[in-house]
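Fold and contact review
This is what each chain is made of:
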Amino acid sequence: MSITTIVGGQWGDEGKGKIIDHLAESASVIARYSGGNNAGHTIENEHGKFALHLVPCGISWPNTKNIIGSGTVIDPNVLIKEIEIINKSKLPGTIYISEKAHIIMPYHVILDELEEKFRGKNAVGTTGRGIGPAYSDKISRSGIRMVELLSPDSMIEKTLKILKIKNEIIQKIYDGEKINEKEIINTIHIWAKNLSSYISNTEEIINKSINNKENIILEGAQGALLDIDHGTYPYVTSSNSIAGGSLTGLGIGSKDISNVYGVFKAFTTRVGEGPFPTEIFGKDADNIRKIAGEFGATTGRPRRIGWFDAVAAKYSAQINGLDSIILTKLDILDNWDEIKICISYELNGKKLSNFPTDEKILNKVNPIYENIEGWEESTFNLDSFEKINENAKKFLNRLEEILELPINVISTGPKRESTIIRQKL
Ligand code: GDP
Ligand code: IMO
Ligand code: MG
């Protein structure tokens, strides 16, 4: 039995989906603990290719319980569509939605867009999915939770009261367009009809599985550097994406966690605004973006590209309490004669080996690189460590040395089977 947290180690899109789809073969519960449909988790297996936004990535395995936990925020319109695709594609897992998860209401989506516009040149570059406004309402105790869909009439009464205030804000502060009351009433009825049967006490389900000593995967969304407390604030998402978020986001105890694995790309990407010390531009960035298909699984935006940042990765390992590293997209570095790893930062002639909190400093630091000889040989789809070129092995060993953590899993392609398991998890 093991309870394993799989957390994004960088700024999201590290390949968490692909890895969880692989590891879920031996799990009975896969539970998402934070974020909403800002996430896009791509899986590719015998059923096809899917970009999952809310449903956990164990859904392709039979006899799995896939929990959307209390720490998430859910846009019911998106979830209904996702469930439709899952049912049509006959993905065999079962879905459970926490009663306590907050609902992303239509006014949250509108306010996300209006607030971003208002921020002007300081915009965060959000996914525009209403994430920030929904979490704000949760914290200020004016949110609406999934459990309320079980009694639609009282939910409608509550919503109409809140809507009055939201419409005032939309119209009078942001000069936006009012949300129609009738439309929102109809929408709530549709949500209730489609989702009620999935809404459950998910804390009970997961804690029962813990007591039964089953294998459980806690699915992170986003990445540690997008965490609301520990990320590159204010260029972050609005939830605790770090491993610690799994406890509050699922209602489980810390004593139950067996392992925390951080998923990292062999390079770095970031979508949206905010500091990115190892960012590269021009032809090199375009090449990686093209080969790696670095376009958002949710918004389609081109992802910003950079070299592996070991300063940020070490910080990430610390705030997540990582036991080991899962390295993805090794194959993307196949064609380089030289590969860079950022080992420290420099600012005004001084070496910084810690990840700075102040956004102004992080924006100014110069990355100090160590150059590693490339391998210029395909690692694509390899499934055993022995088959990897010696220089690629040297790159992996050097990363392990710098990060002082083992790399237990290596991913060499988007498909489930393009995975090297060095040590059984
Ligand atoms: P997530 O949000 O962390 O689940 O990651 P995304 O799904 O947003 O982005 C990762 C992208 O890389 C997806 O298109 C995956 O299919 C793809 N991918 C994952 N692992 C690998 C890998 O090892 N090699 C390659 N070439 N692609 C990968
Ligand atoms: P997965 O789970 C990459 C980024 C957005 C923006 C910031 C805030 O697929 O790794 P939000 O809409 O959350 O208020 O946007 O966070 N962001 C992600 N970037 N992957 C994600 O999820 C992300 N979820 C949010 O681009 O910069
Ligand atoms: Mg993603």
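Summarised in this report is the structure supplied together with it. Because the structure is a prediction, the values reported are computed rather than measured.

1. Overview of the coordination of the magnesium ion (ligand 3)
Protein coordination of the magnesium ion (ligand 3) is provided by Asp-13 (OD) and Gly-40 (O), with donor distances spanning 2.1 to 2.2 Å. Remark: Gly-40 occurs in the loop between strand E2 (29-32) and strand E3 (41-45) and Asp-13 occurs in the loop between strand E1 (3-8) and helix H1 (16-23); sequence separation between them is 27 residues.

2. Digging into the pairing of strand E10 (residues 216-219)
One face of the sheet, then the other: side chains in a regular strand alternate in exactly this way. Side-chain alternation along E10 places Ile-216 and Leu-218 on one buried face and Ile-217 and Glu-219 on a second face that is also buried. Sheet topology places E1 next to E10; four bridges connect them, and they run parallel. When the bridges of E10 are listed, Ile-6 appears paired with Glu-219. Note: E2 against E10, four bridges, orientation parallel.

3. Comments concerning the environment of Thr-379
One can find Thr-379 in the loop between strand E19 (366-373) and helix H12 (390-403). What makes Thr-379 buried here is its relative accessible area of 0%. For the pair formed by Thr-379 and Asp-334, sequence separation is 45 residues and the distance between their alpha carbons is 6.6 Å. With residues near it in sequence (within four places) discarded, Thr-379 still touches Leu-330, Asp-331, Asp-334 and Thr-412. Within the structure, Thr-379 has its side chain in polar contact with the backbone nitrogen of Asp-331 (distance 3.5 Å).

4. Points about the site of ligand 2
Near ligand 2 there are 21 residues, and of these Asp-13, Lys-16, His-41, Thr-127 and Thr-237 occur at the shortest range. In the environment of ligand 2, an oxygen atom lies 2.8 Å from a nitrogen or oxygen atom belonging to the backbone of Asp-13. One of the backbone N or O atoms of Gln-222 is found 2.8 Å from an oxygen atom in ligand 2. For ligand 2, the accessible surface in isolation is 550 Å², of which the surrounding protein chains cover 98%. When its residues are assigned to classes, the shell around ligand 2 shows eight nonpolar, ten polar and three charged.

Reading guide: rules and limits
Residues numbered from 1 in each chain as written. Chains lettered and ligands numbered in written order. Predicted model: local features only at pLDDT ≥ 70, side-chain atom pairs only at ≥ 80, totals over all residues. Heavy atoms only, no water. Donors = N, O, S within 2.8 Å, 3.2 Å for Na, K, Ca; no water. Helix = DSSP H or I, 4+ residues; strand = E, 2+ residues; numbered from the N terminus. Buried < 20%, exposed > 50% of the residue type's maximum accessible area, 1.4 Å probe, protein only. Pairing = 2+ DSSP bridges. Contact = heavy atoms within 4.5 Å. Polar contact = N/O pair within 3.5 Å; in protein donor to acceptor, adjacent residues only side chain to side chain. Near = heavy atom within 4 Å. Areas by Shrake-Rupley, 256 points an atom, 1.4 Å probe, with all protein chains shown as cover. Nonpolar A, V, L, I, M, F, W, Y, C, P; charged D, E, K, R; others polar.

The values reported here are purely geometric and, on their own, carry no functional implication.
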